[in-house]
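# Commentary on secondary and tertiary structure
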Amino acid sequence: MYTQSHGQSNILKQRSYLIKVRGEGEIAVQPDTASVNLGVVTESKELIEGQKQNSMAANKVIDSLIRLGIDRNQIQTFDYRIESDYDYDQGKQIFRGYKITHILQVKIEDLNVIGKVVDTAVENGSNYVANVQFTTRYKESYYQQALTMALNNASNKAKTIANTLRVKLNPTPILVIEGSNTIQPYESQQFALAKVASTSQIQPGQLIIQASVATEYKYHPIGG
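Description of the structure in this document. (Residues numbered from 1 in each chain as written. Predicted model: local features only at pLDDT ≥ 70, side-chain atom pairs only at ≥ 80, totals over all residues. Heavy atoms only, no water.)

Further remarks concern the packing of helix α2 (residues 47-68) against helix α3 (residues 114-123). Interhelical geometry of α2 versus α3 gives an angle of 145 degrees and a closest axis separation of 9 Å. The handedness of the crossing between α2 and α3 is right-handed. Contact residues: α2 offers Val61, Ser64, Leu65 and Leu68, while α3 offers Lys116, Val117, Thr120 and Ala121. Per-class residue counts for the contact of α2 with α3 are five nonpolar, two polar and one charged. (Axes fitted to C-alpha atoms, helices over the stretch in contact; angles between N-to-C directions. Helix = DSSP H or I, 4+ residues; strand = E, 2+ residues; numbered from the N terminus. Left-handed = near helix turned anticlockwise from the far one by under 90°. Contact = heavy atoms within 4.5 Å. Nonpolar A, V, L, I, M, F, W, Y, C, P; charged D, E, K, R; others polar.)

With 14 bridges joining them, strand β3 (residues 75-89) and strand β4 (residues 92-108) adopt antiparallel strand pairing. Residue pairing across strands places Asp89 opposite Lys92, the latter belonging to β4. Taking the residues between adjacent antiparallel strands as the criterion, β3 and β4 are bridged by two residues, where Gln90 takes a positive phi near 55 degrees. (Pairing = 2+ DSSP bridges.)

A few words now on the side chain of Thr33. Within the fold, Thr33 resides in strand β2 (residues 33-44). Exposure remark for Thr33: the relative accessible area of 12% places this residue in the buried category. Non-local contacts of Thr33, meaning those with residues more than four positions away in its chain, are made with Ile108, Glu109, Leu111, Gln133, Phe134, Thr135, Thr136 and Arg137. (Buried < 20%, exposed > 50% of the residue type's maximum accessible area, 1.4 Å probe, protein only.)

Turning our eyes to something else, we now look at unusual backbone geometry. Although it is not a glycine, Asn131 sits at a positive phi angle of roughly 55 degrees. Note that Asn131 resides in strand β5 (residues 128-135). With relative accessibility at 26%, the residue Asn131 sits in the partly exposed group.

We now examine the pattern of salt bridges. Counted under the stated rule, the structure contains six salt bridges. Notably, a salt bridge pairs Arg137 with Asp32, separated by 3.3 Å at the nearest N-O pair. Placement of the pair is Arg137 in the loop between β5 and α4 (139-165) and Asp32 in the loop between β1 (18-29) and β2, with a sequence separation of 105 residues. Its relative accessible area of 15% is what places Asp32 among the buried residues. With its nearest N and O atoms 3.3 Å apart, the salt bridge here joins Asp85 to Arg96. Of this pair, Asp85 sits in strand β3 while Arg96 sits in strand β4, and the two are eleven residues apart along the sequence. Salt bridges here are not isolated pairs; linked through shared partners, they connect Asp79, Arg81 and Glu83. (Salt bridge = Lys/Arg side-chain N within 4 Å of Asp/Glu carboxyl O.)

Further remarks concern the sheet that holds β3. With respect to topology, four strands assemble into an open sheet ordered β3-β4-β2-β5, the strand pairing being antiparallel. Edge positions in the sheet fall to β3 and β5, since each of these pairs with one other strand and no more. If you compare each strand with its neighbour and ignore which way they point, the axes differ by 20 degrees on average.

Mapped onto the secondary structure, Asn54 falls in helix α2. For Asn54, a relative accessible area of 1% puts it in the buried group. Within the structure, Asn54 has its side chain in polar contact with the backbone oxygen of Ile100 (distance 3.1 Å). When near neighbours in sequence (up to four residues on either side) are disregarded, Asn54 contacts Val40, Val41, Thr42, Tyr80, Ile100, Thr101 and His102. (Polar contact = N/O pair within 3.5 Å; in protein donor to acceptor, adjacent residues only side chain to side chain.)

With eight of its ten residues buried, α3 lies for the most part within the structure. Within the sequence span of α3, burial applies to Ile114, Gly115, Val117, Val118, Asp119, Thr120, Ala121 and Val122. Looking at the buried residues of α3, the elements they touch are β2, α2, β4 and β5. Directly after α3, the chain includes Gly125, whose backbone phi takes a positive value near 115 degrees.

Before going further, it helps to examine a nonpolar patch on the surface. Taken together, Tyr86, Tyr88 and Phe95 make up a surface patch of nonpolar side chains, about 330 Å² in accessible area. In this structure, Phe95 sits in strand β4. (Patch = residues over 30% accessible without salt bridge, like charges linked within 9 Å, V, L, I, M, F, W, Y side chains within 5 Å. Areas by Shrake-Rupley, 256 points an atom, 1.4 Å probe, with all protein chains shown as cover.)

For the structure on display, the rule yields three aromatic pairs. When the centroid spacing of 5.7 Å and the interplanar angle of 70 degrees are considered together, the rings of Tyr86 and Phe95 count as edge-to-face. Of the aromatic side chains, those joined through ring pairs into one cluster are Tyr86, Phe95 and Tyr98. (Phe/Tyr/Trp six-rings, centres within 6.5 Å; stacked < 30°, edge-to-face > 60°.)

Structure representation (structure tokens):
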């Protein structure tokens, strides 16, 4: 009985000799691709007529972007919907007409032409612009770098704690749990509008790619 109890005590003691730390890493990179939502919103009393007007306007926007050098494969429908509009008079619902919305998502690989893309779309009938977003084609590679930084950060924290406590640290973690990765725009570029200035200035800024890990290290008293 004594031997079993003594063994259990040692196990509990070993489990208590842990340092748990979280490591974080982030890297700032220049985006190399972008996307923007461009759309046409049409209001009409007659549904069929409204659809025709909307389709013509959307096709005009698409053609103008293709002439600008945007590949047709980089233009896709993001949202298409038909809604009924109503006015209200003394609690009564009065039908006003239909609202047809066709939103395109345009991917742009040359960041120097983002403003020109927006301006061209507006000049050719787009009355909706939103969600200018920047990203990078190499986000996985950059994330790996941020993850390495997170692991090093966790290791340095564990060493600092061990040195402060004056205990001996096993430098190899017994547990590593990868946290969620995030890509945050350094400068948010999102807006919706009915009309854009003729010279839109849209700056890509930087992307902040973040990684985190939760780790556990074993340690024991010096001389123990």
